[in-house]
Amino acid sequence: MVEVREGTADDALAMAQAHVRSWRAGYRDLIAADYLDGLRPEEWAARYSFDPERSGRHTLVAVDGDTICGHVTFGRSRDDDLAGSGEVWALYVDPARWGAGIGLALIDAACARLSRAGHEHAFLWVLSTNARARRFYEGTGWRADGSGRTDVIGGTPVDEVRYVTALERHP
């Protein structure tokens, strides 16, 4: 049975391993293959912060026994036009666990925490070409709000779309 709990620094490497596997599977053909193949979990693990007071973000992990299956990172909005909203900064599930309800458990837990923090709405950014992720978010009540932006990943520009949800829709 999968448990969702607060992430800790001891989880960083296992989180990063699942995160990198998720990028390699989910972003294949969306981001340059040489960039994806060059991702190193040890480098990613060093980027994580588990100090919400300092970083402004919280991380929850999905754990099955001793195995980290995925994580969600969230906090206050970084977008000026949605300053009062919560933001889901990252949601990644190990590809071996896709379709098992782990993403739903993580997004619901993040939404519940954002709601308890006083936010009425939440948003997230997703690659416009990531049809799998977009179907997932739409299936859980998120809607594209018409906003877009361009980011650069691995030296390549990528287009992203913003999804929003009313937190009252989530348990």
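Structural data are supplied above this passage.
The rules behind the values
- Residues numbered from 1 in each chain as written.
- Predicted model: local features only at pLDDT ≥ 70, side-chain atom pairs only at ≥ 80, totals over all residues.
- Heavy atoms only, no water.
- Helix = DSSP H or I, 4+ residues; strand = E, 2+ residues; numbered from the N terminus.
- Rg over C-alpha atoms; globule rule 2.2 N^0.38 Å.
- Buried < 20%, exposed > 50% of the residue type's maximum accessible area, 1.4 Å probe, protein only.
- Contact = heavy atoms within 4.5 Å.
- Areas by Shrake-Rupley, 256 points an atom, 1.4 Å probe, with all protein chains shown as cover.
- Lys, Arg positive; Asp, Glu negative; His and termini not counted.
- Charge placed at Lys NZ, Arg CZ, Asp CG, Glu CD.
- Polar contact = N/O pair within 3.5 Å; in protein donor to acceptor, adjacent residues only side chain to side chain.
- Phe/Tyr/Trp six-rings, centres within 6.5 Å; stacked < 30°, edge-to-face > 60°.
- Expected span 1.5 Å × (residues − 1).
- Pairing = 2+ DSSP bridges.
- Axes fitted to C-alpha atoms, helices over the stretch in contact; angles between N-to-C directions.
- Core = buried A, V, L, I, M, F, W, Y, C linked by side-chain atoms within 4.5 Å.

Colleague: Is there a simple way to explain the overall build of the chain in this structure?
Modeller: Scanning the chain from N- to C-terminus turns up 6 helices and 7 strands. Scanning the chain from its N terminus toward the C terminus, one meets helices and strands in the order β-α-α-α-α-β-β-β-α-β-α-β-β. In terms of overall dimensions, the chain is globule-like: its C-alpha atoms have a radius of gyration of 15 Å, near the 16 Å expected for 171 residues. The dimensions of the chain, computed from C-alpha atoms along their principal axes, are 40 × 35 × 35 Å. Looking at the 171 residues of the chain, the share that counts as buried comes to 46%. Considering only contacts in the chain between residues 6 or more positions apart, those separated by 24 or more positions represent 61%. Put simply, the chain shows about 8800 Å² of open surface, and 47% of that area lies on carbon and sulfur atoms. Charged side chains of the chain number 20 positive and 26 negative; the gap between the two group centres comes to 2 Å.

Colleague: I would appreciate a short explanation of the side chain of Thr73 in the present structure.
Modeller: Relative to the helices and strands, Thr73 is located in strand β3 (residues 67–76). A polar contact of 3.0 Å, which involves the side chain of Thr73, links it to the side chain of Thr59. Ignoring anything within four residues of it in the chain, the contact list for Thr73 reads Arg57, His58, Thr59, Glu87, Val88, Trp89 and Ala90.

Colleague: When you look at the packing of aromatic side chains in this model, what are you seeing that I'm missing?
Modeller: What characterises a pair of aromatic rings is the spacing of the ring centres plus the angle enclosed by the ring planes. Throughout the structure, instances matching the rule amount to 9 aromatic pairs. Seen from their ring centres, Trp23 and Trp44 are 5.0 Å apart, and the 80° between their planes marks the pair as edge-to-face. Taken together, the positions of Trp23 in helix α1 (residues 12–26) and Trp44 in helix α3 (residues 41–45) put the pair 21 residues apart, joining distant regions of the chain. We note that Trp23, like Trp44, is buried.

Colleague: Sorry if this is basic, but what is going on with α1 here?
Modeller: The periodicity of an α-helix, 3.6 residues per turn, causes residues three or four places apart in sequence to face the same way. Compared with the 21 Å implied by 1.5 Å per residue over 15 residues, the 20 Å span of α1 between its first and last C-alpha is a close match. Among all positions of α1, only Ala12, Met15, Ala16, Ala18, His19, Val20, Ser22 and Trp23 are buried. In this structure, the buried residues of α1 make contact with α2 (33–37), α3, β2 (57–64), β3, β4 (86–93) and β6 (143–153).

Colleague: Looking at this structure, how should I read the sheet that holds β2?
Modeller: For sheets, the rule is that strands pair by backbone hydrogen bonds, running either parallel or antiparallel. Taken in spatial order, the 7 strands line up as β1-β2-β3-β4-β5-β7-β6 in an open sheet, and their pairing is mixed. The sheet is open, and its two edges are formed by β1 (2–6) and β6, each paired on a single side. Sheet twist, expressed as the average angle between the axes of neighbouring strands with direction ignored, equals 25°. Of the pairings in the sheet, the one linking β2 to β3 comprises 8 bridges and is antiparallel in character.

Colleague: Explanation requested: the environment of Ile68 in the structure shown.
Modeller: Position of Ile68 among the secondary structure elements: in strand β3. For Ile68, a relative accessible area of 7% corresponds to the buried category. Considered as a pair, Ile68 and Val93 are 25 residues apart in the sequence and their alpha carbons are 9.0 Å apart. Aside from chain neighbours lying at most four places away, what touches Ile68 is Arg5, Asp11, Ala14, Met15, Ala18, Val61, Ala62 and Val63.

Colleague: What is the right way to read the environment of Arg24 from this model?
Modeller: With respect to the secondary-structure elements, Arg24 resides in helix α1. On the basis of relative accessible area, Arg24 is assigned to the partly exposed category, the value being 25%. C-alpha of Arg24 to C-alpha of Leu39: the two residues are 15 residues apart in sequence and 8.5 Å apart in space. Those residues in contact with Arg24 that sit more than four places away from it in its chain are Leu36, Asp37, Gly38, Leu39 and Arg40.

Colleague: Explain the nonpolar core here, please?
Modeller: The nonpolar side chains of a soluble globular protein tend to be buried with one another. Judged by nonpolar contacts, the single largest core of 24 residues is most densely connected at Val72, Ile107, Leu124, Tyr137 and Trp142. Broken down by element, this core gets its largest block of residues, 7 residues, from helix α5 (residues 102–116). Once residues lying within four places of it in the same chain are set aside, the contact partners of Val72 are His58, Thr59, Leu60, Val88, Ala90, Leu91, Leu106 and Ala110.

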